[in-house]
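Architecture and fold: a report
Single-letter residue listing:
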Amino acid sequence: MVSAGLEIIGLGLCVIGSLLVMVACGLPMWKVTAFIEANIVVAQTIWDGLWMSCVVQSTGQMQCKVHDSVLALGHDLQAARALTVISCVFGVLGLMVVIAGAQCTNCIRAENVKARVVNAGGVIYIISGVFVLVPLCWMANNIISDFYNPQVPPSKKREIGAALYIGWAATALLLIGGALLCCSCPSNGNSVYSAKYSPTKRATPNGTGGEYDKRNYV
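Residues numbered from 1 in each chain as written. Predicted model: local features only at pLDDT ≥ 70, side-chain atom pairs only at ≥ 80, totals over all residues. Heavy atoms only, no water.

- In the nomenclature of an unreviewed UniProt entry, the protein is known as Claudin of Esox lucius.
- Per its UniProt entry, the protein bears the Function (unreviewed entry) comment "Claudins function as major constituents of the tight junction complexes that regulate the permeability of epithelia."
- What UniProt states about the protein under its Sequence similarities (unreviewed entry) heading is, verbatim, "Belongs to the claudin family." (UniProt positions renumbered as here; feature names shortened; annotations may be inferred.)

Rendered as structure tokens:
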């Protein structure tokens, strides 16, 4: 039962982490405008995401534009697009693998094989977490480097957006959940209790019955 509990907890964390990865992938708030000048009140705020850029006016109106060309994007955005999508695909694949080998399903009969399948699903979720962690750290490093670079004009400097924090939380859930799934082991319910039966001895026609003890009769 302990193994089943670890599977449920690990699968729940991994599913939540995969959903957060999808949310972070779709949000345009990977880079946001840095307010570092003397003027606190600004007319607009710029959001840069993997798929679009948005401009939020001070009046509350927001206009978004999808990136026209993939090749025109930076290397960090191109890598983030590819790795984040791969992470989402691995999240769906890991869910299918874990459900196929879970103890609450009958897709696989052998307990040892089911445990190995669940372990494989945990490894897939860990790989998914690593795939999404790489672009997050790469993007954060570029943002911080440009922020402290004096050659970058203040209008081009950005800060870390909410999507990066959501992605880091998703990475933590995927790694923890995948580790729990890797700790799953086969249950001990398949132990066989051997019962030994002594051969029955038949009585001979004369009633002397070979070695059968006559004291068994009432």
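Considering the nonpolar core
- Counting 23 residues, the largest nonpolar core has Val21, Trp30, Leu50, Tyr125, Met139, Leu164 and Leu181 as the members making the most contacts within it.
- At the level of elements, helix 1 (2–26), helix 2 (75–101), helix 3 (111–147) and helix 4 (162–182) are the ones that each hand at least two residues to this core.
- The greatest single-element share of this core, amounting to seven residues, is contributed by helix 3.
- Once you skip the residues sitting within four places of it in the chain, Leu164 turns out to touch Met29, Trp30, Leu136, Met139, Ala140 and Ile143. (Core = buried A, V, L, I, M, F, W, Y, C linked by side-chain atoms within 4.5 Å. Buried < 20%, exposed > 50% of the residue type's maximum accessible area, 1.4 Å probe, protein only. Helix = DSSP H or I, 4+ residues; strand = E, 2+ residues; numbered from the N terminus. Contact = heavy atoms within 4.5 Å.)

Quick word on the packing of aromatic side chains
- Under the criterion given, the structure shown has three aromatic pairs.
- Between Phe90 and Phe131, the aromatic rings sit 5.5 Å apart at their centres with planes inclined by 70°, giving edge-to-face as the arrangement. Of this pair, Phe90 sits in helix 2 while Phe131 is found in helix 3, placing the two residues 41 residues apart along the sequence.
- The class of Phe131 is partly exposed, set by a relative accessible area of 25%.
- Plain terms: the ring middles of Phe147 and Tyr148 are 5.2 Å apart, the flat faces sit at 80° to each other, and that makes the pair edge-to-face.
- A residue is classified by how much of its surface remains accessible, and Tyr148, at 64% relative accessible area, is exposed.
- The lysine or arginine in question, Lys157, covers the ring of Phe147, its NZ or CZ lying 5.9 Å from the ring centre. (Phe/Tyr/Trp six-rings, centres within 6.5 Å; stacked < 30°, edge-to-face > 60°. Lys NZ or Arg CZ within 6 Å of the ring centre and 35° of its normal.)

Digging into the pairing of strand 2 (residues 44–48)
- Here strand 1 (residues 31–33) runs beside strand 2; their pairing, made up of two bridges, is antiparallel. What sits directly across from Val32, in strand 2, is Trp47.
- Looking at chain direction, strand 2 and strand 3 (residues 52–57) are connected through five bridges and run antiparallel. Considered in strand 3, the bridge of Ile46 is made with Val55.
- The hairpin turn running from strand 2 into strand 3, its antiparallel successor, is three residues long. (Pairing = 2+ DSSP bridges.)

Side note on the sheet that holds strand 3
- Read from one edge of the open sheet, five strands run 4-3-2-1-5, paired in antiparallel fashion. Sheet topology places strand 4 (62–66) and strand 5 (158–160) at the edges, where each strand pairs with a single neighbour. The sheet shows a mean angle of 25° between the axes of neighbouring strands, taken without regard to direction.
- Relative to the sheet, helix 3 contacts strand 1 and strand 5, its axis offset from that of strand 5 by approximately 140°. (Axes fitted to C-alpha atoms, helices over the stretch in contact; angles between N-to-C directions.)

Some points on the state of the cysteines
- What the rule picks out here adds up to one disulfide.
- Here Cys54 pairs with Cys64 through a disulfide, and the sulfurs are 2.1 Å apart. Because the sign of the S-S torsion sets the handedness, a value of about 105° for the bond joining Cys54 and Cys64 places this disulfide among the right-handed ones. Within this pair, whereas Cys54 is found in strand 3, its partner Cys64 is found in strand 4, the two being separated by 10 residues in sequence.
- Not engaged in a disulfide, the cysteine Cys14 finds its nearest cysteine sulfur in Cys182; these two sulfurs lie 8.9 Å apart.
- Free of any disulfide, Cys182 has its nearest cysteine sulfur in Cys183, 6.9 Å distant.
- Owing to a relative accessible area of 29%, Cys182 belongs among the partly exposed residues under this scheme. (Disulfide = S-S within 2.5 Å.)

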